[in-house]
Amino acid sequence: MSTLSRRALVAGASASGLALALPHSAAAEPVAGTAESAPAAGAAVAYAAFRLVRLRPGDPAVPEVTLPDGYEFVPGDRYHVASRAEYYSFVRGPAAPDGIEVSVRWPGVTVAAVVHMDTRLRLRRDRSDRHRFAFTLPVTQSSADANQPTLQIWSHPDISPGMYYKLDHNDPDRVAGPWTTVAWPANQARSQLHQLVAAHRILVDSGLKATAAAKGHRWFVAGFETNNTLHADNPPHWHISYNSGSDFDSPTHNTHFWLDAEAKNFYNGMDVTGLGRLRHYVGDPARLYDFAGDANGGRGELVATMTIREDGGIDIAPPAGPVYALAAGRDGSLIEEVTVVRDGSPWLRVATEDRYRVGVMTVRTHGLSDPADNDFTLLRYDPLTGVLV
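Description of the structure in this document. All residue numbers refer to positions counted from 1 along the written sequence of the respective chain. Only residues with pLDDT of at least 70 get local features here, since the model is predicted, and only at 80 or more are side-chain atom pairs given and counted; chain-wide, interface and lining totals rely on the full set of residues. Side-chain metrics in this entry use all non-hydrogen atoms of the structure; hydrogen atoms and water are not considered.

1. Side note on the overall build of the protein chain
- Elements are defined by DSSP. Helices are runs of H or I of four residues or more, strands are runs of E of two residues or more, and each kind is numbered from the N terminus. When its secondary structure is counted, the protein chain shows five helices and 26 strands.
- For the protein chain, the proportion of its 389 residues judged to be buried stands at 53%.
- The Shrake-Rupley method, run with a 1.4 Å probe sphere, supplies the accessible areas, and residue values consider only the shown protein chains as cover. If you sum the accessible surface of the protein chain, you get close to 16,200 Å²; carbon and sulfur atoms cover 51% of it. Partly exposed describes any residue whose relative accessible area lies between the buried limit of under 20% and the exposed limit of over 50%, with all areas from a 1.4 Å probe on protein chains only and scaled to the type maximum.

2. Side note on the nonpolar core
- The criterion is simple. A nonpolar core is a set of buried Ala, Val, Leu, Ile, Met, Phe, Trp, Tyr and Cys residues joined through side-chain atoms within 4.5 Å. In this structure, W219, W238, I240, M306, V350 and M361 are the most contacted members of the largest nonpolar core, which totals 49 residues.
- A total of eight residues in this core trace back to one element, the largest contributor, which is helix α3 (residues 186-205).
- Two residues qualify as a contact provided that any one of their heavy atoms is within 4.5 Å of a heavy atom in the partner residue. With residues near it in sequence (within four places) discarded, M361 still touches L167, H169, L193, V197, T352, E353, D354, T377, L378, L379 and Y381.
- Core analysis: the second largest hydrophobic core is formed by 26 residues, I100, V109, F133 and V139 among them.

3. What to know about the packing of aromatic side chains
- The criterion for an aromatic pair is that two Phe, Tyr or Trp rings (for Trp, the six-membered ring) have centres within 6.5 Å, with stacked assigned to planes under 30 degrees apart, edge-to-face to planes over 60 apart and tilted to the rest. All told, the structure shown has 14 aromatic pairs when counted by the stated rule.
- Between Y88 and F90, the ring centres sit 6.4 Å apart and the planes meet at 80 degrees, which makes this aromatic pair edge-to-face. With respect to burial, Y88 and F90 carry one shared label: buried.
- Three or more aromatic residues link up through ring pairs in this structure, and these residues are W258, F266, Y267 and Y281.
- The ring of F133 has R125 sitting right over it, with the charged end atom 5.6 Å from the ring centre.
- One cation-aromatic arrangement involves R342 over W347; the distance from NZ or CZ to the ring centre is 4.3 Å. Only when the NZ of Lys or the CZ of Arg is both within 6 Å of the ring centre and within 35 degrees of the ring normal is a charge said to sit over the ring.

4. With respect to the sheet that holds strand β20 (residues 302-308)
- Only when DSSP finds a minimum of two bridges between them are two strands counted as paired. Pairing within the open sheet is antiparallel, and its eight strands lie in the order β19-β20-β21-β22-β23-β24-β25-β26. Pairing within the sheet leaves two strands with one partner each, and these edge strands are β19 (285-289) and β26 (375-380). The mean angle between the axes of side-by-side strands here comes to 20 degrees, regardless of whether they run parallel or antiparallel.
- In the sheet, strand β24 (residues 345-355) pairs with strand β25 (residues 360-367) via eight bridges, with the strands oriented antiparallel. What sits directly across from V350, in β25, is T365. Interaxial angle, 0 to 180 degrees, is taken between N-to-C directions of lines fitted to C-alpha atoms, where a helix line uses only the stretch in contact.

Spatial relationships are all this shows, so hold off on functional conclusions.
See below:
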């Protein structure tokens, strides 16, 4: 094991002895390995990320991390991040599907778990040094970006033909990047889950999901995340997007519904393949097309029209059939609940509660026109990965 790589990251100071300032949730970049420990010239390089989860949140801090010869830390602040709840880092070197040994020494901090992708890695405690432990890290990804699942706590209640539906679980103790400089978006983080659930219900009930599936297309329904420095997902917003194909590389209408302090939607910046960003405000119809054919300037047939409402909700109109609406709750905001309207009549009331530190999310649906629509759903997930259990 290289002495130089062993010195790569020492709590709060670089190997050269220069102090690293660590404001709340700031990144701490390790000193990259020298030529001795870097990947061999011309060798295929693979990437991996790991996340150290602290038993108890505390002041952001940086551990000492040791890599084996031939591996180095990915340079750049955004690849090495400390928050109150965790520390994550990226490494690169020759592909190692069976893993490399990573050694960590972190005096004063108890690490409860190590996460890689959507898996908890086994910790091996050092009996001779109570501050040290090791784990085996697979190094297999083609880019640093491909390791984003390591950073995120995502749940996927519906990945099926016509749908990619993702719930984002956010914790103020995990904030990173631009989220460290603003107030915690508590209302928006809570409301996005109500709105995501309601949007999924609308897409299924309206037949829009089935229509997309029949074309080999899909809807992408997802919220925002607050700890990923590889994706500066701010200000608070969420998505009801349409991929004219089976994945993110397909031609896409990618909506970005921005949320104000009352969690009302007030702006939709819709990125359209070939056109760039189209901007829509309250009352402006945003039309999504399927890119199948030459109609509408080559964008194909109309899929749906989405219009931000005066109450901060969103009208969702299929090309034929009733119009749906995601509307404000009884208090006039979208913080506590959302109302779903179908064909001009109140249909559902949806409220969620996410206990992200224990991995339990509840969804309460109240039928406003038919008691048969009453429903209670309990989603249990790994609180460190989001994987549904």
